[in-house]
Amino acid sequence: MQLQSIIHFFEKIAPPSLQEGYDNAGLIVGNPEMEIKKALICLDSIPEVVEEAILIGANLIVAHHPIVFSGLKKFNGKTHVERAVMLAIKNDIAIYAIHTNLDNVLHNGVNQKIAEKLGLINCSILEPKGGQLQKLVVFCPDSHAEELRQALFNAGAGRIGNYDACSFNSHGDGSFRANTGAKPFVGEIGKKHWEPEIRIEIVFPKHLAGQVIKAMKAAHPYEEVAYDIYQLENTWQDAGSGLIGELPEALTTAEFLKLLKTNMQVPLVRHTPGAGEQIRRVALCGGSGSFLLNKAIASGADVFVSSDFKYHQFFENEGKIMIADIGHYEGEYFTVELLGNLLTENFRTFAVVFSGIDTNPIKYYC
Ligand SMILES: [Zn+2]
């Protein structure tokens, strides 16, 4: 299996355009045309993990965190980043990172995996992302409207929340005059023509723009397709930061903390007192999520599960929500399972191995 097929698969789940500005997700080391025989899945592609890949004969490392965030100027092995990159290049091992783009998707994302471990239901994005949606308006003769709509749906347009095949259609009359050299589908050269047309309106996430326009042009009968693309102000419900969901039944704060510790397999939970007696609504964010505290409070959640809270940030809940800090590594640990399962379920031509190395730089002395 060529590496580019694997990248294409991951990028359909977590489009690179959804990564945050500081991130460096994507193919960090390697050639997309490499033939992959074995993949090693981890959170951090540190030198020890690259050595593990060499040992087991894996030529692809899929990591959640990019090993390189900013430019490297020297390659002499002084830092763990340089050592990991040098070792990978020397041994023909590709490193691919799927980071904040995977944090920012609802389906098959980092946060959905945590929600699944906690048994949450009715999950949605805590802070949906703006600037991601566009609307296509295209004018089509009645006879070809259904075929065109279907082609647009197949290209990924027309999805709103749990609905697909969404479009709005209005009838009207289009006018045009084909000039010399044109090959009009209807009408005659040099004569103004009126044609009953349907104005089809359909939304799509902007990362699909290329394939949506390609599908539109392929399915439309006109030589020149009249269409408009608008940028929408709406947020996109399928992408953004954090997640909010519900426990099937309310738990006491003690019961919830026990569930959290057990199901997330964490050695300890740093937490504030609960705002009430019970926990039902749960906001969460894998990795460093303190920036979402106010969103979690506004969402009416009883608890906000995340990590990397500093001492003073524990006061910022103002007694309105319980903060539960489970640790960065621990919060994202099941991302490895998520990525490994996605690969094994969708590819049968190469082996997938979970890294056996605990890459958590933080140890607990209890
Ligand atoms: Zn992280």
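Residues numbered from 1 in each chain as written. Predicted model: local features only at pLDDT ≥ 70, side-chain atom pairs only at ≥ 80, totals over all residues.

Student: Whenever I open this one, the sheet that holds strand E14 (residues 322-325) confuses me. Can you help?
Tutor: The strands making up a sheet associate through hydrogen bonds between their backbones, and the pairing can be parallel or antiparallel. What the six strands build is an open sheet, ordered E5-E10-E12-E13-E14-E11; its pairing is mixed. Since the sheet does not close on itself, it has two edges, and those belong to strand E5 (121-129) and strand E11 (270-271), each with one partner. Pairing of strand E10 (residues 236-252) with strand E12 (residues 278-288), which is carried by six bridges, proceeds in the antiparallel orientation. Among the inter-strand pairings, glycine 245 is bridged to a residue of E12, identified as valine 282. (Pairing = 2+ DSSP bridges. Helix = DSSP H or I, 4+ residues; strand = E, 2+ residues; numbered from the N terminus.)

Student: How do you make sense of the sheet that holds strand E3 (residues 60-65) when you look at a structure like this?
Tutor: Strand order across the open sheet formed by five strands is E1-E4-E3-E2-E15, with mixed pairing between neighbours. At either margin of the open sheet sits one strand with a lone partner, and together these are strand E1 (26-29) and strand E15 (351-354). Strand-to-strand, the axes of this sheet are offset by a mean angle of 25 degrees, without reference to chain direction. Bridging between E1 and strand E4 (residues 94-97) involves three bridges; their strand directions are antiparallel. Within E4, the residue paired with glycine 26 across the bridge is alanine 97. (Axes fitted to C-alpha atoms, helices over the stretch in contact; angles between N-to-C directions.)

Student: Which parts of the structure should I look at to understand the domain arrangement of the protein?
Tutor: You can read the domains of the protein as domain 1 (3-102 + 334-354), domain 2 (110-124 + 241-326) and domain 3 (133-234). With centres defined by C-alpha atoms, the gap from domain 1 to domain 3 works out at 39 Å. (Domains from an automatic or database assignment.)

Student: Can you walk me through the environment of valine 29 in this structure?
Tutor: Within the secondary structure, valine 29 is located in strand E1. Given 22 C-beta atoms within 10 Å, valine 29 falls into the buried group. Considering only alpha carbons, one finds valine 29 and alanine 97, 68 residues apart in sequence, at a separation of 9.7 Å. Setting aside residues no more than four positions away along its own chain, valine 29 makes contact with Val85, Ala88, Ile89, Ala94 and Ile95. (Buried ≥ 20, exposed ≤ 12 C-beta atoms within 10 Å, placed from the backbone. Contact = placed C-beta atoms within 7 Å.)

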